[in-house]
Amino acid sequence: MTDNPAATNDVAVSLRARINTGQPHTARIWNYWLGGKDNYEVDRAAGDQIRQLHPGIGEYARHDRLFLGRAVRHLVGDLGIRQFLDIGTGLPTADNTHEVAQSVAPETRVVYVDNDPLVLTHARALLTSTPEGRTDYLDEDLRNIDAIFEHAAKTLDFSKPVALMLLGVVIFIGDDEDPYRLVRQLVDRLPAGSYLVLSHTVTSPSMPDVDEAVKFWNEHGTPKLTQRTPEDVTRFFDGLELLEPGVVSCSRWRPEGAGDTEPEEVAMFGGVARKN
């Protein structure tokens, strides 16, 4: 079953009016790096310039998506989670949260949240579901916690465990907005037995080209990014029980088929933690 209040003709027209095709946008560039087609020339040009500064940028976009898949399959298949609140969805590509979850448990329910108009115009494509499950999409900002939970409660049962997905979205919350408090408020709304899945680009002396790429982006693109160290990213999980192997490069979070060779580290770190 699918609910999509945004997918009316009138709303679609208003959404298209909100799309700025003259300035590169992070969701569209991310889509470009992942091989998608929902981007403009300005995004491809900026994406190529960023890739020149940081040649591995496409790899950490890819590994963030693979991390999503492994985390969701573990939560659904091994831990029995059947509800997901995915905030900062981004543009749909392959293996979205509901596709991965419902391939394991068709009855899984997923609510996506984003405030990007281009993402909203693709809601019809995003909001496909198995007959047993359900998906919904909210046009809302991460900061508007009351509104998110009020509307998500129409699809999710917050008396039962929920997996909160914050993949590559907290980077858009500046330090002046107290991102740790914001994440803590989101987690506080969830019942015991819920999980937080979070990923975040990092700054590290071993990856100076990442800093150059982010500097370029903040001078030319929107929205602005705030990098954090791996230790800073780990702070988002304070008070929760981190699953092994903790907060690590997304390429190294329970990699499949890695054998004896540890995957190369990428500048996107992530982790999964349980609320007890």
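Residues numbered from 1 in each chain as written. Predicted model: local features only at pLDDT ≥ 70, side-chain atom pairs only at ≥ 80, totals over all residues. Heavy atoms only, no water.

Participant: Provide a residue-level description of the pattern of salt bridges, including the pertinent values.
Facilitator: Taken as a whole and judged by the stated rule, the model has 10 salt bridges. Where Arg 44 meets Glu 41, a salt bridge forms, and the shortest distance between an N and an O atom there is 3.4 Å. A residue pair is termed a helical-turn pair when its members lie 3 or 4 positions apart in one helix, as Arg 44 and Glu 41 do in helix H3 (residues 41-53) at three residues. Across the salt bridge formed by Asp 178 and Arg 181, the nearest N and O atoms sit 3.7 Å from each other. Judged by relative accessible area, Asp 178 falls into the partly exposed class, the value being 32%. Three or more residues joined by partner-sharing salt bridges are found here, namely Asp 141, Arg 143 and Glu 177. (Salt bridge = Lys/Arg side-chain N within 4 Å of Asp/Glu carboxyl O. Helix = DSSP H or I, 4+ residues; strand = E, 2+ residues; numbered from the N terminus. Buried < 20%, exposed > 50% of the residue type's maximum accessible area, 1.4 Å probe, protein only.)

Participant: Please provide a residue-by-residue account of the nonpolar core, values included.
Facilitator: Judged by nonpolar contacts, the single largest core of 48 residues is most densely connected at Leu 85, Ile 87, Leu 164, Leu 166, Leu 196 and Leu 198. If sequence neighbours within four positions are ignored, Leu 196 has contacts with Leu 164, Leu 166, Val 183, Val 187, Phe 236, Phe 237, Leu 240, Gly 271, Val 272 and Ala 273. Listed in part, the 28 residues of the second largest apolar core include Leu 120, Met 165, Leu 167 and Val 248. (Core = buried A, V, L, I, M, F, W, Y, C linked by side-chain atoms within 4.5 Å. Contact = heavy atoms within 4.5 Å.)

Participant: Just give me the short version of helix H10 (residues 208-220), but keep the residues and values in it.
Facilitator: Under the 1.5 Å per step criterion, the end-to-end length of H10 is 19 Å for 13 residues, consistent within 8% with the ideal 18 Å. The inward-facing, buried residues of H10 abut helix H2 (26-33) and H3. (Expected span 1.5 Å × (residues − 1).)

Participant: Explain the packing of aromatic side chains to me, using residue names and the numbers behind them.
Facilitator: Applying the stated criterion across every chain, the model contains three aromatic pairs. When the centroid spacing of 5.5 Å and the interplanar angle of 85 degrees are considered together, the rings of Phe 67 and Trp 253 count as edge-to-face. With Phe 67 in helix H4 (residues 57-78) and Trp 253 in the loop between strand E8 (248-249) and strand E9 (268-274), the pair connects residues that are 186 residues apart, well separated along the chain. Of the residues examined, Trp 253 reaches a relative accessible area of 0% and is grouped as buried. Its end group placed over the ring of Phe 149, Arg 189 keeps NZ or CZ at 5.4 Å from the ring centre. Between the NZ or CZ atom of Arg 235 and the centre of the ring of Tyr 180, over which it lies, the distance is 3.8 Å. (Phe/Tyr/Trp six-rings, centres within 6.5 Å; stacked < 30°, edge-to-face > 60°. Lys NZ or Arg CZ within 6 Å of the ring centre and 35° of its normal.)

Participant: I'd like a description of the pairing of strand E6 (residues 195-201), backed by residues and values.
Facilitator: For E6, the tally of buried residues reaches seven of seven residues, placing the bulk of the element in the interior. Neither face of E6 is exposed, since Tyr 195, Val 197, Ser 199 and Thr 201 on one face and Leu 196, Leu 198 and His 200 on the opposite face are all buried. Direction of pairing for strand E5 (residues 163-167) relative to E6: parallel, over a ladder of five bridges. By the bridge assignment, Met 165 is partnered in E6 with Val 197. The handedness of the E5 to E6 crossover, carried by helix H9 (residues 179-188), is right-handed. Sheet topology places E6 next to E9; seven bridges connect them, and they run antiparallel. (Pairing = 2+ DSSP bridges. Right-handed = clockwise from strand over helix to strand, strands pointing away.)

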